[in-house]
Amino acid sequence: MKAARAKTPRRPALKKPPAPGPKDPVGVYCRVRPLSRQDQECCIEVINETTVQIHPPDGYRVFRNGEYRETQYSFKEVFGTLVVQKDVFDVVAKPLVEDLIRGKNGLLFTYGVTGSGKTHTMTGSPGDGGLLPRCLDMIFNSIGPFQAKRFVFKLDDKNGVDVQCEVDALLERQKRDAMPVPKTPSGNRRQIDPEFADMINVQDHCKVDEVDEDNVYSVFVSYIEIYNNYIYDLLEEAPFEQIKPKWNNCNTPVRNGDFIPPQSKILREDQNHNMYVTGCTEVEVKSTEEAFEVFWKGQKKRRIANTQLNRESSRSHSVFIIKLAQAPLDADGDNVLQEKEQITLSQLSLVDLAGSERTNRTKAEGNRLREAGNINQSLMTLRTCIEVLRENQMYGTNKMVPYRDSKLTHLFKNYFDGEGKVRMIVCVNPKAEDYEESLQVMRFAEMTQEVEVARPVDRPLCGLTPGRRFRNQAFREELARKLEMRGGPINGETEEQSASEIFLQNFPPLPSCELLDANDDQTLPKLIEILEKRHKLRQMLSDEFAKNVLAFKTTLQEFDSSVTSKENYIQGKLSEKEKTIAGQKMELERLEKKIKTLEYKIEILEKTATIYEEDKRNLQQELESKSQKLQRQASDKRRLEARLQGMVAETTMKWEKECERRVAAKQLEMQNKLWVKDEKLKQLKAIVTEPKNEKPERPSRERDREKPVQRSVSPSPVPNAPPVRLRHRRSRSAGERWVDHKPPSNLPTDTVMQPHVPHAITVAAASEKALAKCDKYMLTHQELASDGEIETKLIKGDVFKTRGGGQAVQFTEIETLKQESPTGRKRRSSPSNADPLEDAADSEWTDVETRCSVAVEMRAGSALGPGYQHHAQPKRRKP
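Everything numeric in this text was worked out from a predicted model, so none of it was measured. Numbering of residues starts from 1 in each chain and follows the order in which that chain's sequence is written. Local features in this predicted model are restricted to residues of pLDDT 70 or higher, and side-chain atom pairs are both shown and tallied only at a pLDDT of 80 or more, whereas totals for entire chains, interfaces and linings draw on every residue. With hydrogens and water set aside, each side-chain value is computed from the structure's full complement of heavy atoms.

Novice: Teacher, can you tell me more about the overall build of the protein chain here?
Specialist: Under the DSSP-based scheme used, a helix requires at least four consecutive residues in state H or I and a strand at least two consecutive residues in state E, with every element numbered from the N terminus. If you tally the helices and strands in the protein chain, you get 17 helices and 28 strands. The rule is simple: take the accessible area with a 1.4 Å probe, protein chains only, and divide by the maximum for that residue type; under 20% is buried, over 50% is exposed, in between is partly exposed. Burial statistics for the protein chain: of 879 residues in total, 34% are counted as buried. The criterion used for residue contact is that any of the two residues' heavy atoms lie within 4.5 Å. Pairs at least 24 residues apart make up 70% of the contacts formed inside the protein chain by residues separated by at least 6 positions. The method behind every accessible area is Shrake-Rupley, applied with a 1.4 Å probe, and residues are considered shielded solely by the protein chains displayed. About 58200 Å² of surface is accessible on the protein chain, with carbon and sulfur atoms providing 53% of the total.

Shown next as structure tokens:
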């Protein structure tokens, strides 16, 4: 025989996605905390029952666009500063408790910045209990008379529940009573802890109206916290202190005597794909006091710390889970139905989230800084999951929701997938210091309201006759009353007796039947008398019993007839109701089809609108980019035009000045040439016209110096030129304030002409004070010329004020003063045998030539003589 081939194990069937049914949006409520001081600035204002308005404080009024904006946010309901805890409970938590008793799950969590009142809203304060104690009180007020005995329901380790018979439950109770460890005492047998007695002393006695009386209930509570993204059990019996490292300071492992930190718990998924915490302590409680005592025991272990913003700041997310197990009674209404399929397990999770905070405000460091980082990271993951859910629902995408990025979101992912109702209370502090954090909280709350969660379905009916518990109880009470009337058990005795025993108890007792001797004539007569009495009594009882039987039969017949008539009446009513229900079902089907058609049309219109909005946004972005590009091009064009205009103006001015300078230089050069030619012609004419017999006498230099040279009155070389004024050129600096900078290294020149500027401040070195008082500047500079003479240059400029508060000098022109010696010029010598007349003429010609060559270097009309020059031309620049 061939070996059997191993088969691949079958994969477990995946959970089918729920059919698309009705959905409800996440209920988001807002609660505004009152200010701690009356003089604090407020930035949040309640407009009406559903709207709040947030505005920036006085020091934060300017936004990026320079506007002052007030933003309004809408919620399902807004609770102002004067709203009490009962009003918050009636609106938010009471519907969740009603759903819990009807077998549906619920999630309620508080969200907000640190110090906004989240823990106060959830737990409350002495004399004013919060949502958690009020939920417990409402649960036990509703199911109080219908609770099962302890250990009838038993939770397993896989997030399920089993039901036990009375015998197994009794054994469990006896085993628990025999354990040496302290057990959780019942709230009815001990005094309430005064530390939290005022919190659970709720006088409202709120309860659910419609509770299934044919079911039995048991409540289990557990308390966990999520600290640094690790889950810890607050009800664990192990010593619970601040977390210490598993290694000592000397890098050695801990020993038996050292403290071992509590182990973190693991999240798992049950067979219904619901998340639960493995190994978590779940305590069965029977009263509000006992449940709150368990909560208070875990609350003392919760991690809190003192920060700059909150004296008792929660450093972890706390989750208080209330599980309600319920199962129907059997057909007799006595015992719990032993079928696991009929057990319903629902849970209500009350979550107190740690507040988001900024480290620059809390001044956190070390462990507090690490805690704040983990808190903010988990809240950011929650926000990311909400954003992805909203995007998937609004735009029809199928993005993966990152639940596993944080233990908080991974634990409650079933609620967002449609396993129960979700409610969120946004707690805000209206003080101005929390404006930016409150603004982020408001935006997150507004986005959360757009997420829809599938509505949980109702649990199926068990199919047994309703009202069987009270009918069985009424039967027992009636039976006890009848027995009491017959002389049976009184005062509610529970021992059951047979009908024969009850019947025999009504007869007189028999006397002793023992015959002492043969002559005893008293025992038998007494016995006969007693038996006759018992016979008569028996006959009377038989007659009465027959009468009672007849009366009971008559009563039963009357009851049967009334029941039959009532059943006929009820059947008629039921048929009418069934017809009405059938008509309503048909109408509902028609309306559902119409709703589906309309929803399909709405979905198509929403997708079309989304496409159009996307196109509109793209076009607006493209238009904005185009307009910005055009604006940049226009601004670049304007800058380029301004730059080109400046360059053109500068170049035009530069070339105009250059042209003027060249024209002036050319005119001066031509005038000098014409004047020189004219003078030479005049001198030649004078020499030619002189008589030959007269010997020309050459004037000496002394005569020339004493007597100015007589120049012929000839027309100006430039036609129609104005007459030249015979005076030296005055400086253009007259009438202005000057700084005369004469370095101490300059040598004095013994010349007739000396540079002189009136109203000048003479300095030996550049002085900032002197420059501040004047608007002109002149520097006297001396250097040695090529012929060995001293050449003096006067460098002039304008004084300008700079942006930094100083002064700057811009040089504009240079004047040159040059001194020459007349003895250095060469003369033409004549031979010794030359004719005196020829020598005289030659010497005269040489003198004229010398003087003409000197005159070339002088301006027209100058009377300074051949030894001096005064050039006032500006320094020539390269074009």
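Novice: Help me understand empty space enclosed by the protein in this model?
Specialist: Over the atoms a probe the size of a water molecule is rolled, and this reveals where empty space is left. Here a cavity denotes grid points, spaced 1 Å and computed from the protein atoms alone, that fit a 1.4 Å probe unable to get out, and a pocket denotes an open set having protein on both sides within 12 Å along at least 5 of 7 lines; residues with an atom within 4 Å of a point are the lining. Grid points are joined across faces, edges and corners, and a volume is the space filled by probe spheres set on the points. With the rule as written, the count across this model stands at seven cavities of 30 Å³ or more. Lining the largest cavity, in full, are L107, F109, V351, L353, L382, L408, T409, F412 and F416. For the lining of the largest cavity, the elements supplying multiple residues, two or more each, are β7 (106-112) and α9 (407-411). Here the residues of the lining of the largest cavity are counted per class, giving eight nonpolar, one polar and no charged. Looking at the second largest cavity, the residues that line it are D24, P25, V26, G420, K421, V422, R423, V453, A454, R455 and P456. Among the elements of the structure, β1 (23-25), β21 (421-428) and β22 (452-454) are those that each provide at least two residues to the lining of the second largest cavity. Side-chain classes are defined by residue name, with Ala, Val, Leu, Ile, Met, Phe, Trp, Tyr, Cys and Pro counting as nonpolar, Asp, Glu, Lys and Arg as charged, and the others, Gly among them, as polar.

Novice: I'm lost on the pattern of salt bridges in this one. Help?
Specialist: Two side chains carrying opposite charge are able to pair once their charged atoms lie near each other. Any Lys or Arg side-chain nitrogen found within 4 Å of a carboxyl oxygen on Asp or Glu counts as a salt bridge. Within this structure, the stated rule accounts for 31 salt bridges. With its nearest N and O atoms 2.8 Å apart, the salt bridge here joins E391 to K399. Judged by relative accessible area, which is 25%, E391 ranks as partly exposed. Residue K399 is classed as partly exposed on the basis of its relative accessible area of 43%. The partner of K607 in a salt bridge is E603, with the nearest N and O atoms 3.6 Å apart.

Novice: Any chance you could explain the sheet that holds strand β5 (residues 71-74) here in plain terms?
Specialist: Strand pairing in a sheet relies on backbone hydrogen bonds. The paired strands run either parallel or antiparallel. Whether two strands pair depends on DSSP finding at least two bridges between them. Ordered by their spatial adjacency, three strands build an open sheet running β3-β4-β5, and the pairing between neighbours is antiparallel. The sheet terminates laterally at β3 (44-46) and β5, the two strands that pair on one side only. On average, adjacent strands in this sheet sit at an angle of 25° to one another, irrespective of strand direction. Bridge count for strand β4 (residues 51-54) against β5 is four bridges, and the pairing is antiparallel. Within the sheet, the bridge partner assigned to V52 lies in β5 and is Y73. For helices, the axis comes from a line fit to the C-alpha atoms of the stretch in contact; other axes are also lines fit to C-alpha atoms, and the angle between any two N-to-C directions lies between 0 and 180 degrees.

Novice: Even after reading the chapter, I still don't get helix α12 (residues 468-485), so can you show me in this structure?
Specialist: Since there are 3.6 residues in each turn of an α-helix, residues three or four apart along the chain are aligned in direction. The terminal C-alpha atoms of α12, which comprises 18 residues, lie 26 Å apart, in line with the 26 Å expected from a rise of 1.5 Å per residue. Packed against the buried residues of α12 are β12 (215-227) and β19 (317-328). Helices are assigned an expected span. That span is 1.5 Å times one less than the residue count.

Novice: Would you take a moment to explain the state of the cysteines for this structure?
Specialist: Note on terminology: a disulfide is the covalent bond linking the sulfur atoms of two cysteines. Our working definition of a disulfide is a cysteine sulfur pair at a distance within 2.5 Å. Here the structure, examined in full by the defined rule, presents zero disulfides. Looking at C206, it has no disulfide partner, and the nearest cysteine sulfur is the one in C135, 9.6 Å off. C206 sits in the buried class, given a relative accessible area of 16%. The structure places no disulfide on C427, whose sulfur is separated from the nearest cysteine sulfur, that of C30, by 8.0 Å.

Novice: Looking at this structure, how should I read a nonpolar patch on the surface?
Specialist: Residues enter patches when their relative accessible area tops 30% and they take part in no salt bridge; the joining distance is 9 Å for like charges and 5 Å for the nonpolar side chains Val, Leu, Ile, Met, Phe, Trp and Tyr. Together, Y569, I570 and L574 make up a nonpolar patch on the protein surface, roughly 300 Å² of accessible area in all. The topology assignment puts Y569 in helix α14 (residues 523-689). Of the residues examined, Y569 reaches a relative accessible area of 54% and is grouped as exposed.

Novice: Just to check I follow, could you spell out the packing of aromatic side chains for this structure?
Specialist: Given two aromatic rings, their pairing is described by the distance between the two centres and the angle made by the two planes. Any two rings among Phe, Tyr and Trp, with Trp reduced to its six-membered ring, count as a pair given centres within 6.5 Å; such a pair is stacked if its planes are under 30 degrees apart, edge-to-face if over 60, and tilted if neither. Under the criterion given, the structure shown has nine aromatic pairs. Between Y223 and F320 the ring centres are 5.6 Å apart and the planes differ by 80°, which places this aromatic pair in the edge-to-face class. Of this pair, Y223 sits in strand β12 while F320 sits in strand β19; the two residues are 97 residues apart in sequence, bridging distant segments of the chain. Judged by relative accessible area, F320 falls into the buried class, the value being 1%. One aromatic cluster is present, built from ring pairs that chain together Y223, F292, F295, W296 and F320.

Novice: How should the packing of helix α8 (residues 367-395) against helix α11 (residues 435-448) be read in this particular structure?
Specialist: Packed helices, taken two at a time, are described by the angle their axes make and the gap between the axes. Their axes nearest at 9 Å, the elements α8 and α11 cross at an angle of 35°. The way α8 lies across α11 gives a crossing that is left-handed. Only Q440, R443, F444, M447 and T448 of α11 make contact with α8, whose side of the interface consists of L382, R383, I386, E387 and R390. Partitioned by chemical class, the residues of the contact of α8 with α11 number four nonpolar, two polar and four charged. Note on convention: the crossing is left-handed when the near helix lies turned anticlockwise from the far helix by less than a right angle, right-handed when the turn is clockwise.

Novice: I'm lost on the side chain of H741 in this one. Help?
Specialist: Tracing the backbone through its elements, the reader meets H741 in strand β23 (residues 738-741). Take H741: its relative accessible area is 11%, and that puts it in the buried class. Discounting residues that sit within four places of it in the chain, H741 has contacts with V763, A764, A765, A766, Y777, M778, L779 and T780.

Novice: So what exactly am I meant to see when it comes to the environment of T81 here?
Specialist: By secondary structure assignment, the location of T81 is in the loop between β6 (77-79) and α1 (85-101). Each residue touching T81, except ones within four places of it in the same chain, is listed here: V32, R33 and P34.

Novice: Looking at this structure, how should I read unusual backbone geometry?
Specialist: Peptide bonds are, in most cases, trans, and in most cases residues other than glycine have a negative phi. Phi is positive for N228, close to 55°, though the residue is something other than glycine. For N228, a relative accessible area of 8% puts it in the buried group.

Novice: Is there a simple way to think about the side chain of D330 in this case?
Specialist: The topology assignment puts D330 in the loop between β19 and β20 (344-352). For D330, a relative accessible area of 17% translates into the label buried. In contact with D330, other than residues within four places in its own chain, are N335, L337, L464 and R468.

Novice: Looking at this structure, I do not really get the packing of helix α3 (residues 131-143) against helix α6 (residues 288-299). What am I missing?
Specialist: Where α3 meets α6, the axes come as close as 9 Å, and the angle between the chain directions of the two elements is 150°. When the interaxial angle is binned, α3 and α6 end up roughly antiparallel. For the crossing formed where α3 meets α6, the hand is right-handed. Contacts between α3 and α6 pair L132, P133, L136, D137 and F140 from the former with T288, A291, F292 and F295 from the latter. Among the residues making up the contact of α3 with α6, the classes are represented as seven nonpolar, one polar and one charged. In this scheme, roughly parallel covers angles under 35 degrees and roughly antiparallel covers those over 145, while 65 to 115 is roughly perpendicular and the rest are oblique.

Novice: I keep staring at the pairing of β23 and nothing clicks. Help me out?
Specialist: Consecutive side chains of a regular strand alternate in pointing toward one face of the sheet and then the other. Of the two faces of β23, both are covered, the one formed by W738 and D740 as well as the one formed by V739 and H741. By the bridge criterion, four bridges tie β23 to strand β24 (residues 760-763) in an arrangement that is parallel. In the strand pairing of β24, D740 is matched with T762. Sheet analysis places β23 next to strand β25 (residues 776-784), joined by four bridges and oriented parallel.

Novice: Would you mind showing me how to read the confidence of the model for the protein chain here?
Specialist: Note: predicted coordinates in regions of low pLDDT should not be interpreted at a detailed level. Taken as a whole, the protein chain shows an average pLDDT of 77; of its residues, 72% reach a score of 70 or greater. Known as pLDDT, the predictor's confidence for each residue is given on a scale from 0 to 100. Here residues 181-190 is a poorly scored stretch, pLDDT under 50, and it has 14 contacts once near neighbours within four places are set aside; other chains count.

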